[in-house]
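One letter stands for each residue in the lines below.
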Amino acid sequence: MSMMIIYPGFKTQAWIDALHGIDPSLKIEVWPEIEDNSAVEFALCWNQPPDLLRQFPNLKCISSLGAGVNHLLDDPTRPTSVPLVRLVDRDLQQGMAEYVLTGVLEHFRQFRYYRAQQSNKEWRPRPNRHISEVGIGIMGMGQIGEFVGRKLQGIGFRVHGWRRTPQPVEGMEVLSGQSALPDFLRRADILVCLLPLTPETENILNARTFAALQPGAYLINVARGRHLVEEDLLAALDSGRLSGALLDVFREEPLPEQHPFWSHAKIMLTPHVASVTNPRSAAQQVIENYRRAQQGAPLLNRVDASSGY
Ligand code: NDP
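What counts and how
- Residues numbered from 1 in each chain as written.
- Predicted model: local features only at pLDDT ≥ 70, side-chain atom pairs only at ≥ 80, totals over all residues.
- Heavy atoms only, no water.
- Core = buried A, V, L, I, M, F, W, Y, C linked by side-chain atoms within 4.5 Å.
- Buried < 20%, exposed > 50% of the residue type's maximum accessible area, 1.4 Å probe, protein only.
- Helix = DSSP H or I, 4+ residues; strand = E, 2+ residues; numbered from the N terminus.
- Contact = heavy atoms within 4.5 Å.
- Pairing = 2+ DSSP bridges.
- Axes fitted to C-alpha atoms, helices over the stretch in contact; angles between N-to-C directions.
- 1 Å grid on protein atoms, 1.4 Å probe; cavity = no way out; pocket = protein on both sides within 12 Å on 5 of 7 lines; lining within 4 Å.
- Points joined across faces, edges and corners; volume = space filled by probe spheres on them.
- Nonpolar A, V, L, I, M, F, W, Y, C, P; charged D, E, K, R; others polar.
- Near = heavy atom within 4 Å.
- Polar contact = N/O pair within 3.5 Å; in protein donor to acceptor, adjacent residues only side chain to side chain.

Moving on to the nonpolar core. Counting 30 residues, the largest nonpolar core has Met139, Leu219 and Leu233 as the members making the most contacts within it. Put simply, the parts of the chain that give this core at least two residues each are helix H6 (181-186), strand S9 (190-193), strand S10 (217-221), helix H8 (230-239) and strand S11 (242-247). A per-element tally of this core places H8 first, with four residues. Excluding anything up to four places from it in sequence, leucine 233 contacts Phe210, Leu219, Leu228, Leu242, Ala245, Leu247, Phe261 and Ile267. If you look at the next biggest cluster of nonpolar residues, it comprises 29 residues, including Leu101, Val104, Ile144 and Val148.

Time to look at the sheet that holds strand S1 (residues 2-6). Reading across from one edge, S2-S1-S3-S4-S5 is the order of the five strands in this open sheet, with parallel pairing throughout. On the outer flanks of this sheet lie strand S2 (28-30) and strand S5 (84-85), each paired with one strand and no other. Relative to S5, strand S4 (residues 61-64) is paired through two bridges, and the arrangement is parallel. Each residue of the ladder has a partner; that of isoleucine 62, found in S5, is leucine 84. The strands touched by helix H9 (residues 279-295) within the sheet are S1, strand S3 (40-45), S4 and S5, with S3 carrying the most contacts at an inclination of about 150°.

So, about the layout of surface pockets. Here the second largest pocket defines a volume of roughly 480 Å³. Broken down by secondary-structure element, the contributors of at least two residues to the lining of the second largest pocket are helix H3 (90-108), helix H4 (111-119), S10 and S11. Here the lining of the second largest pocket is built from residues that sort into 10 nonpolar, six polar and six charged.

A few words on the environment of proline 254. Its place among the elements puts proline 254 in the loop between S11 and strand S12 (267-269). The class for proline 254 is exposed, based on a relative accessible area of 72%. Sequence spacing of proline 254 and glutamate 231 is 23 residues, and the spatial spacing of their C-alpha atoms is 18 Å.

Taken together, the neighbourhood of the ligand is formed by 28 residues, with Arg86, Ile144, Arg163, Thr165 and Tyr309 sitting nearest. In this structure, glycine 142 approaches the ligand through a main-chain N or O atom, which is 3.1 Å from an oxygen atom. Taking aspartate 248, its side chain carries an N or O atom lying 3.0 Å from a nitrogen atom of the ligand. Residue assignment for the shell around the ligand shows that the elements contributing at least two residues are helix H5 (143-154) and strand S7 (158-163). In terms of residue class, the shell around the ligand is built from 13 nonpolar, nine polar and six charged.

Function-wise, these values are silent; they only describe arrangement.
Okay, here's the thing in structure tokens:
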């Protein structure tokens, strides 16, 4: 039995070292250098080429190399009888919290405004709202959203969340379902998207959503590019409906050179780096799932393909 890593365009040595650090006897192969397709029983994947996974007839488990699984669920050639798992990892949560807090505070304390003033040697202080008056809405109160929400709450923001199913989160107001969406949006001065990409959430960051937020709200999209209707964002920024946006993910990555987001004064963008999986912290759960797959035991962090995440 071997574990296969499919990670086109990325270096895999850190993953191999982390996995071997836990189990030196593990046979790890990196696609496309696979000795015998029929011996591969566990696939660890990111952006796998189409039609590849079904070439491994004895797969017992397919694991995403990250928290998201849309790259796997969107692959029509994925063998649907093979269980799918994803990563739930403290370092991923921590990385995302660092990124979102940086973005929120940079906006809240008006650093972009002062940076522009500095270039013109201007001295014009602006008033600041009290932190407890600023509402932050987290779309997607999952493993990462809840962690990020608690950090923002911890420094004093008024945080509320939105999820699909009505499950309470201790100490935080969380609304659920489509019918609660307008109420959720109405309270947000800053909207953070941490939803998985599913048919229900695709294009959810659109003109109607922006119109329901507080006037001049700020958008942070760290989920997936296909959550955002790009023309609607540009229109909302130009009209002043939104005051700015921080974007980490895009419909097309890398973002094409001619794309208007690059030079938009109200957009800050980063190249899909909000939170990157750290093999050293995530390897243990991969090994655990590899063992469980071998034994036919229940897998950790199993994805429900019917809900899309
Ligand atoms: P989870 O599956 O733990 O959480 C997803 C949350 O979204 C849940 O609260 C879920 O609701 C909610 N949700 C799903 N569908 C809907 C819907 N239709 N309406 C309302 N709420 C919905 O995911 P994670 O927190 O682990 O990750 C979230 C996403 O973050 C990933 O899918 C990925 O796209 C993105 N990500 C981006 C990274 C980056 O670097 N930019 C890094 C890591 C992740 P419920 O709780 O009711 O199930």
